[in-house]
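# Chain and residue survey
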Amino acid sequence: MLPNEFAKSIFEITPEKLHNEGIRGIITDLDNTLVPWDMKEATPEVQDWFQKMKENNIKVTILSNNNRERVTFFAEPLKAKYVYSAKKPLRKAFLKAAKEMELKKEEIVVIGDQLLTDVLGGNMAGLKTILVVPIVETDGKITKINRKIERFIFRQLRKKGKISWEE
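Counted under the stated rule, the structure contains 1 aromatic pair. With 5.5 Å between their ring centres and 80° between their planes, Trp-49 and Phe-50 make a pair best called edge-to-face. Residue Phe-50 is classed as buried on the basis of its relative accessible area of 7%.

Our focus in this paragraph is the environment of Gln-47. Along the chain, Gln-47 turns up in helix H2 (residues 44-55). You can call Gln-47 partly exposed: its relative accessible area is 40%. Taking C-alpha positions, Gln-47 is 6.7 Å from Leu-78, a pair spaced 31 residues apart along the chain.

What follows concerns a positive patch on the surface. A surface patch of positive charge is lined by Lys-144, Lys-148, Arg-151, Arg-155 and Lys-159. Looking at the secondary structure, you find Arg-151 in helix H6 (residues 141-159). Given a relative accessible area of 38%, Arg-151 falls into the partly exposed group.

Calculation criteria
Residues numbered from 1 in each chain as written. Predicted model: local features only at pLDDT ≥ 70, side-chain atom pairs only at ≥ 80, totals over all residues. Heavy atoms only, no water. Phe/Tyr/Trp six-rings, centres within 6.5 Å; stacked < 30°, edge-to-face > 60°. Buried < 20%, exposed > 50% of the residue type's maximum accessible area, 1.4 Å probe, protein only. Helix = DSSP H or I, 4+ residues; strand = E, 2+ residues; numbered from the N terminus. Patch = residues over 30% accessible without salt bridge, like charges linked within 9 Å, V, L, I, M, F, W, Y side chains within 5 Å. Areas by Shrake-Rupley, 256 points an atom, 1.4 Å probe, with all protein chains shown as cover. Salt bridge = Lys/Arg side-chain N within 4 Å of Asp/Glu carboxyl O. Lys, Arg positive; Asp, Glu negative; His and termini not counted. Charge placed at Lys NZ, Arg CZ, Asp CG, Glu CD.

The following block contains the structure:
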């Protein structure tokens, strides 16, 4: 359940940092990781982040539980590979994305805003994980339930001294 790292946003995750850690590929969540869950298109900052990754030979695949229309509309202008209806945290979609990148597991990091989908799924697939703070505090219906469970898990992990960051 624990991520390998914690970041406030994707913008703290730079090509230089990734290269220093031997990372050559990113599997990233979409909603509340790259943009708010109700925003249809990438912001200029997100477009720049994708471009910097591309310029530094870091492959990026978007992995989302959302539907084809949502993910395709977002990913295609970025020329990003994507997997929709991923059924996270099941590891199948993570492994599919990793295989398509043609990279070793230790060269890939999963970035997402949810413990119960992104971190759990990435960890079960044997990939490094980075948990980011959700961009907005509002969520879709299913994610609201996940957030309540996550708050409980965070409290337990904090009590046990497993995490030191604030929610």
